[in-house]
Amino acid sequence: MDSKKKVPMLNKIAYALGTGGGNVFSQIAAAFLLQYYTDTALIGAGAVATMFLICRVFDGISDLVMGGLIDKTRSKLGKARPWLIASAPLSLLGIVLLMNVPLGLSDTGKLVYAYATYIFMAVIVYTIYGIANTAMLPLMTKNPSEHTMLATFSAIGNNAIGLVAGSAITPLVMNLGWKSASIILGLVTCVLILFSGLVNKEVNTEDGDFKKEAIPMKEQLPAVLKNKYFFLLLLIGVFSLLMNANAIGAQIYYCNLVLHDMGFMSKLMIAGQLPGLLILFLMPYISNKYSKQTFMLIGCVFLIIGFAITGFAGTNGTIIIIGTVVRSLGAGPLLSAIFAFVPDVVEYGYWKFGIRSEGLISSAQSFGSKVGIGLGSALTGWILAAVNYDPTVMEQSEAVVNAVKFDYTWLGVIFSIALTVIVLMLNVEKYSNEYRKENM
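These lines cover the structure that appears in this document, whether it is placed above or below. (Residues numbered from 1 in each chain as written. Predicted model: local features only at pLDDT ≥ 70, side-chain atom pairs only at ≥ 80, totals over all residues. Heavy atoms only, no water.)

To continue, consider the overall build of the chain. Along the backbone of the chain there are 17 helices and zero strands. Its C-alpha atoms give the chain a radius of gyration of 21 Å, near enough to 22 Å, the size a compact globule of 440 residues would have. The principal-axis extent of the C-alpha atoms belonging to the chain is close to 65 × 45 × 35 Å. For the chain, the accessible area works out to roughly 16,600 Å², and carbon and sulfur atoms hold 68% of it. Measuring between centres, the 30 positive side-chain charges of the chain sit 7 Å from its 24 negative side-chain charges. (Helix = DSSP H or I, 4+ residues; strand = E, 2+ residues; numbered from the N terminus. Rg over C-alpha atoms; globule rule 2.2 N^0.38 Å. Areas by Shrake-Rupley, 256 points an atom, 1.4 Å probe, with all protein chains shown as cover. Lys, Arg positive; Asp, Glu negative; His and termini not counted. Charge placed at Lys NZ, Arg CZ, Asp CG, Glu CD.)

Following this line, the structure appears as structure tokens:
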């Protein structure tokens, strides 16, 4: 592979759109699914939270399996690309099934349906998509600067489409209902992912590497597990998405129970994503002049300040918006730069242990992110269940309101401090000159 080869603009845009397509499901899972289950399907909040957690166990297994499958795949389309293409129609099917619980079923029947469809979409389909999409980044080029640019485009697409989807879901559901909304959202997801899979190619495939014999999992896995940065990627994925998903999951309840204004949800979705999108344009400059780690640490500082401002805001909508904007400026770097670290961790592992494992390394980011989303949504459900939240009553207790306030604000400060500590340990870039020189 040419270490100086640039990725064409069309491919960068396609990769950005594919990443954004996957974020449609993330928006559904983080911001709306818990509320759909509790208030529309009338499944208990505690039962849903437990379901989210149990599915994370299966997710851990499926991510490792999928990462190994990608590393072992040898085809003319490449290692990750055929899986990315396959995930597009499966995403359409999964989203439609997920958001259409048969309301005529018994309570047990609805819970069983929720388990089956959530496992299909989150554990199987999103695993295929997430790991394949992340693994494409180091497979499309070996130019370090292009890795950062691809990650930047990916993050911009992720945030831009997430912003549109997050803002559109509420009016879609209110005007068309969950069934029609799910079909529209599923089609958008399918088309965007499919476009990325069809347009982008792996450089290895062009060099004929698909003919090389795959390294057995029994050799790949021990090498990956010796790589400390694999685990740090996983932890950043967990805590960044746990922080984000918990805040977004609590947001709809905050608007309803604290502000008594569901329309404020759309304003918060925009304030929570648009600033994070704008700051991403600084990532190439800061990453090249300083480091990707510095970019993420700046994000951690903004997160802590943003959540604290919201915590002091009370019911003042203007101050809540300001805090949410600051929080968004922090979330952008955390949720984007992690993708740019994947090639570094892959090259570090190859340099230290002699085995290149794009699939398994990508599974750290994918698994961590999905655990974070699942735990973030589950945490809100557990908190609501602990204070006896009842969606059928008009007035909630003071305990419920206070729990939602804490969940949406100060809990985010705690998670952001934990993220700061983890990012400080992610110093893989200090070895970059050594592993790039030897691995080229």
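There's plenty left to go through after this.
Overall, the coordinates contain five salt bridges when judged by the stated rule. The closest approach of N and O atoms between Lys 110 and Asp 107, which form a salt bridge, is 4.0 Å. Here Asp 107 and Lys 110 lie together in helix 4 (residues 107-140), a separation of three residues that amounts to about one turn. Under the relative-accessibility criterion, Asp 107 is labelled exposed at 59%. Across the pair Asp 344 and Lys 292 runs a salt bridge, and its minimum N-O distance is 3.1 Å. With Asp 344 in helix 13 (residues 317-353) and Lys 292 in helix 12 (residues 292-313), the pair connects residues that are 52 residues apart, well separated along the chain. By relative accessible area, Lys 292 is classed as buried at 6%. Counted as one network, the salt bridges with shared partners bring together Lys 6, Lys 12 and Glu 146. (Salt bridge = Lys/Arg side-chain N within 4 Å of Asp/Glu carboxyl O. Buried < 20%, exposed > 50% of the residue type's maximum accessible area, 1.4 Å probe, protein only.)

This next bit is on a nonpolar patch on the surface. A cluster of nonpolar side chains, namely Ile 270, Leu 274, Leu 278 and Phe 281, defines an oily patch on the protein surface of about 380 Å² accessible area. In this fold, Ile 270 is placed in helix 9 (residues 264-271). (Patch = residues over 30% accessible without salt bridge, like charges linked within 9 Å, V, L, I, M, F, W, Y side chains within 5 Å.)

Within this structure, the stated rule accounts for twelve aromatic pairs. Here the aromatic rings of Tyr 36 and Tyr 37 are separated by 5.8 Å at their centres, their planes lie at 45°, and the arrangement is tilted. Overall, the relative accessible area of 2% leaves Tyr 36 in the buried class. On the numbers, 5.6 Å between centres and 35° between planes, the contact of Tyr 126 with Tyr 129 is tilted. In this pair, Tyr 126 and Tyr 129 are both assigned in helix 4, three residues apart and thus about one turn of the helix distant. (Phe/Tyr/Trp six-rings, centres within 6.5 Å; stacked < 30°, edge-to-face > 60°.)

Here the focus is unusual backbone geometry. Residue His 260 is not a glycine yet carries a positive backbone phi of 55°. Mapping His 260 onto the fold places it in the loop between helix 8 (228-258) and helix 9. Phi at Asn 388 takes a positive value of approximately 60°, unusual for a residue other than glycine. Following the sequence through the fold, Asn 388 ends up in the loop between helix 14 (358-386) and helix 15 (398-408). Relative accessible area serves as the criterion here: at 64%, Asn 388 is assigned to the exposed category.

What follows covers the environment of Leu 84. Its location among the elements puts Leu 84 in helix 3 (residues 81-98). Here Leu 84 falls in the buried class, since its relative accessible area comes to 1%. Residues Leu 84 and Thr 127, spaced 43 residues apart in sequence, show a C-alpha to C-alpha distance of 10 Å. Apart from the residues lying within four places of it in its own chain, the contact partners of Leu 84 are Tyr 129, Ala 132, Asn 133, Met 136, Ile 193, Ser 196 and Gly 197. (Contact = heavy atoms within 4.5 Å.)

On to the side chain of Ser 182. With respect to the helices and strands, the residue Ser 182 is situated in helix 5 (residues 144-199). A residue is classified by how much of its surface remains accessible, and Ser 182, at 0% relative accessible area, is buried. If we ignore the near neighbours within four places in the chain, the residues touching Ser 182 are Ile 95, Val 96, Met 99 and Asn 100.

Turning our eyes to something else, we now look at the nonpolar core. Residues Tyr 37, Phe 52, Tyr 118 and Ile 236 are the most contacted members of the largest nonpolar core, which totals 128 residues. At 18 residues, the largest contribution of residues to this core is made by helix 8. (Core = buried A, V, L, I, M, F, W, Y, C linked by side-chain atoms within 4.5 Å.)

This part covers helix 8. An ideal rise of 1.5 Å per residue puts 45 Å on 31 residues; helix 8 measures up with 43 Å between its terminal C-alpha atoms. Taking the largest bend as the criterion, helix 8 deviates by roughly 30°, centred on Gln 251. With 26 of 31 residues buried, helix 8 is to be regarded as a mostly interior element. Where helix 8 ends, the next residue or the one after it, His 260, has phi of about 55°, a positive value. (Expected span 1.5 Å × (residues − 1). Bend = angle between axes of the 7 residues up to and from the residue.)

These figures come from the coordinates and say nothing about function on their own.
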